[in-house]
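One letter stands for each residue in the lines below.
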Amino acid sequence: MSACPCRVLDATSKSYEDCCAPLHLGKSQASTPEQLMRARYSAYVKKTIPFIAETQLTEVAEEFDQKEAEKWAESADWKGLKILSTKKGGPADNDGIVEFEAHYTDKASGKDLIHKETSLFHKVSGKWLFKEGVIAGAQAFKRLEPKIGRNDPCSCGSGKKFKKCCGA
């Protein structure tokens with residue numbers, strides 16, 4: 001049995017099978033926002049991205065981009081999760097907040113990075129779901145696709161320059 005990815009930076013040594021695997025397999029539900037946050041981090045490490053989609057509370061106008069999540073999971077060598085603070089999220093609460101750092105190395109650049117976020121969770125029909133996150137810090141945005149220049153052919157396939165088509 002291997003240590004759970006969500007516990008690597010902690011002093012605890014819970015196994016994946018006893019920690020996040022039951023949640024990923026649908027055998028149990030997170031009892032707190034922190035437990036759900038840990039399971040979502042482990043889902044990125046284990047590349048079980050459908051779990052991320054299933055535990056996301058989305059508005060009607062927005063949609064979870066599973067392909068983009070898969071790209072991020074693949075592009076990172078995950079090092080560990082550090083929970084910085086939790087607020088609310090008890091049995092009587094319907095909302096909870098978890099502040100965390102996800103440590104990883106970007107495979108393309110070899111740079112060690114930290115994704116720091118404050119996440120809001122909401123309980124719906126007794127089940128905790130991720131609602132939204134606010135990313136902290138001014139880390140540079142990393143494009144997963146090359147940038148289209150103004151004079152490049154438009155990506156829509158019209159044959160026009162980007163600036164005269166979709167970039168107008």
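Our structure is the block above this text.
### Here we look at the pairing of strand β2 (residues 95-106)
1) Next: Bridge analysis of strand β1 (residues 76-88) against β2 gives 11 bridges, and the strand direction is antiparallel. Paired with Lys88 across the two strands is Gly96, which belongs to β2.
2) Next: Remark: 6 residues form the turn of the hairpin made by β1 and β2, two consecutive strands paired antiparallel; Gly89 in that turn has positive phi of roughly 85°.
3) Next: Where β2 folds back onto strand β3 (residues 112-124) in an antiparallel hairpin, the turn is made up of 5 residues, including Gly110, whose phi is positive at roughly 80°.

### Some points on the pairing of β3
Within a regular strand, the side chains alternate between the two sheet faces.
1) Next: Of the strand pairs in this sheet, β2 and β3 are connected by 11 bridges, and their pairing is antiparallel. Residue pairing across strands places His103 opposite Ile114, the latter belonging to β3.
2) Next: As judged from the 8 bridges shared by β3 and strand β4 (residues 127-135), these two strands associate in the antiparallel manner. Note on β4: the bridge partner recorded for Thr118 is Val134.
3) Next: Between the end of β3 and the start of β4, which pair antiparallel, lie 2 residues, with Ser125 showing a positive phi angle near 50°.

### Overview of the sheet that holds β1
1) Next: In space, the 4 strands of this open sheet follow the order β1-β2-β3-β4, with antiparallel pairing throughout. Every interior strand has two partners, whereas the edge strands, β1 and β4, have only one. Across the sheet, the axes of successive neighbouring strands diverge by a mean angle of 30°, strand direction being ignored.
2) Next: Against the sheet, helix α2 (residues 33-46) touches β1, β2, β3 and β4, its axis set at about 170° to β1.
3) Next: Contacts from helix α4 (residues 66-75) reach β1, β2 and β3, with the element oriented near 115° to β1.

### What about α2?
Note that an α-helix has 3.6 residues per turn; residues three or four places apart therefore point the same way.
1) Next: Between its terminal C-alpha atoms α2 stretches 20 Å, which fits the 20 Å expected from 14 residues at 1.5 Å a residue.
2) Next: Of all 14 residues that make up α2, 10 are buried, and the element is covered over most of its length.
3) Next: Those residues of α2 not exposed but buried are Pro33, Leu36, Met37, Arg38, Ala39, Arg40, Tyr41, Ser42, Ala43 and Tyr44.
4) Next: At the C-terminal side of α2, Lys47 shows a positive phi close to 60°.

Conventions adopted
Counting from 1, residues in each chain are numbered in the order their sequence is written. Residue-level local features of this predicted model are given only where pLDDT is at least 70; pairs of side-chain atoms are given and counted only at 80 or more, and the full residue set underlies all totals for whole chains, interfaces and linings. Excluding hydrogens and water, the side-chain values take into account all heavy atoms of the structure. Strands qualify as paired when DSSP identifies two bridges or more between them. Secondary structure counts use DSSP, requiring at least four H or I residues in a row for a helix and at least two E residues in a row for a strand, with both numbered from the N terminus. All axes here are fitted lines through C-alpha atoms, helices being fitted over the stretch that makes contact, and every angle between N-to-C directions spans 0 to 180 degrees. Whether two residues are in contact is decided by their heavy atoms: any pair within 4.5 Å suffices. How far a helix is expected to stretch is found by multiplying one less than its residue total by 1.5 Å. Per-residue accessibility, obtained with a 1.4 Å probe over protein chains only, is compared with the maximum for each type, and a residue is labelled buried under 20%, exposed over 50%, and partly exposed between these values.

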